Amino acid sequence: MTSTPTFRHRCEYWGVMAVRGVVRILPDGASRVLGSAVGLFAYAIDPRHRRVAVTQLQAAFPRKKPAECRAIARATFKHFGRLLIAVLRFSTLSKDRMRARVEFEGDDRARAALAAGKGAII
């Protein structure tokens, strides 16, 4: 059974597609700045997840002051904002441009194993 997308889901989808269209034309540095801004925006407007992050940091690091845990949480939100924008930006590249930005290590061993009729987990 499939469900019909809600209005909220459609809005989220079109919001992501709009941001994807913007980051497609931005230089790398501007994309990182935008990603940090997206992360800080999420930190500001999502008190539930902000509280969860701070509470978990306080549990993991009981000697840290609450202000330190809030700073770590804020930096984590910024990091994930940058990561989100990087993934959206990467998804706009051609296959050749993607390959040019990725380093493969160990592919020779996987190819040799497959050529020898052995399995390989990639």
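For the structure, see preceding data.
Residues numbered from 1 in each chain as written. Predicted model: local features only at pLDDT ≥ 70, side-chain atom pairs only at ≥ 80, totals over all residues. Heavy atoms only, no water.

Notes on the environment of R8
On the secondary structure map, R8 appears in helix α1 (residues 7-25). Residue classification places R8 among the exposed positions, given a relative accessible area of 57%. Only 2.8 Å separates the side chain of R8 from the side chain of E12, close enough to count as a polar contact. (Helix = DSSP H or I, 4+ residues; strand = E, 2+ residues; numbered from the N terminus. Buried < 20%, exposed > 50% of the residue type's maximum accessible area, 1.4 Å probe, protein only. Polar contact = N/O pair within 3.5 Å; in protein donor to acceptor, adjacent residues only side chain to side chain.)

Regarding a nonpolar patch on the surface
A contiguous nonpolar surface patch, about 290 Å² in accessible area, is contributed by F80, L83 and V87. You can see L83 is positioned in helix α4 (residues 66-90). (Patch = residues over 30% accessible without salt bridge, like charges linked within 9 Å, V, L, I, M, F, W, Y side chains within 5 Å. Areas by Shrake-Rupley, 256 points an atom, 1.4 Å probe, with all protein chains shown as cover. Salt bridge = Lys/Arg side-chain N within 4 Å of Asp/Glu carboxyl O.)

Side note on the layout of surface pockets
Of the pockets and cavities examined, the largest pocket occupies roughly 320 Å³. If you go around the largest pocket, you meet 13 residues; those closest to its centre are V38, G39, A42, G81 and L84. For the lining of the largest pocket, the secondary structure elements donating two or more residues are α1, α2 (28-45) and α4. Counting residues per element, the lining of the largest pocket draws most heavily on α4, which supplies seven residues. Lining the second largest pocket are D28, S31, R32, R82, I85, A86, R89, F90, L93 and R101. Those elements that place two or more of their residues in the lining of the second largest pocket are α2 and α4. Ranked by the residues each element gives to the lining of the second largest pocket, the list is headed by α4, at five residues. Residue classes in the lining of the second largest pocket are distributed as four nonpolar, one polar and five charged. (1 Å grid on protein atoms, 1.4 Å probe; cavity = no way out; pocket = protein on both sides within 12 Å on 5 of 7 lines; lining within 4 Å. Points joined across faces, edges and corners; volume = space filled by probe spheres on them. Nonpolar A, V, L, I, M, F, W, Y, C, P; charged D, E, K, R; others polar.)

Observations concerning the nonpolar core
In terms of nonpolar packing, the biggest core is built from seven residues, these being Y43, A53, V54, L57, C69, A73 and F77. Excluding its chain neighbours within four sequence positions, the residues that come into contact with F77 are G39, A42, Y43, H49, R50 and A53. (Core = buried A, V, L, I, M, F, W, Y, C linked by side-chain atoms within 4.5 Å. Contact = heavy atoms within 4.5 Å.)

Some words on the packing of α1 against α4
Between α1 and α4, whose axes approach to 9 Å, the crossing angle comes to 75°. By the angle class used here, α1 and α4 are roughly perpendicular. Contacts between α1 and α4 involve V16, V19, R20, V23 and R24 from the former and I85, L88 and R89 from the latter. (Axes fitted to C-alpha atoms, helices over the stretch in contact; angles between N-to-C directions. Parallel < 35°, antiparallel > 145°, perpendicular 65-115°, else oblique.)

Some thoughts on the packing of aromatic side chains
Applying the stated criterion across every chain yields a total of two aromatic pairs. Consider the rings of Y13 and W14, whose centres lie 5.0 Å apart with planes at 80°: the pair is edge-to-face. Using a relative accessible area of 44% as the deciding quantity, one classes Y13 as partly exposed. For W14, a relative accessible area of 57% corresponds to the exposed category. Between R50 and the ring centre of Y43, over which it is positioned, the NZ or CZ distance is 5.4 Å. The ring of F61 is capped by K64, whose NZ or CZ atom sits 6.0 Å from the centre of that ring. (Phe/Tyr/Trp six-rings, centres within 6.5 Å; stacked < 30°, edge-to-face > 60°. Lys NZ or Arg CZ within 6 Å of the ring centre and 35° of its normal.)

Here's the deal with the pattern of salt bridges
Under the defined criterion, the tally for this structure stands at five salt bridges. Within this structure, D28, R89 and R101 form a network of salt bridges that share partners.

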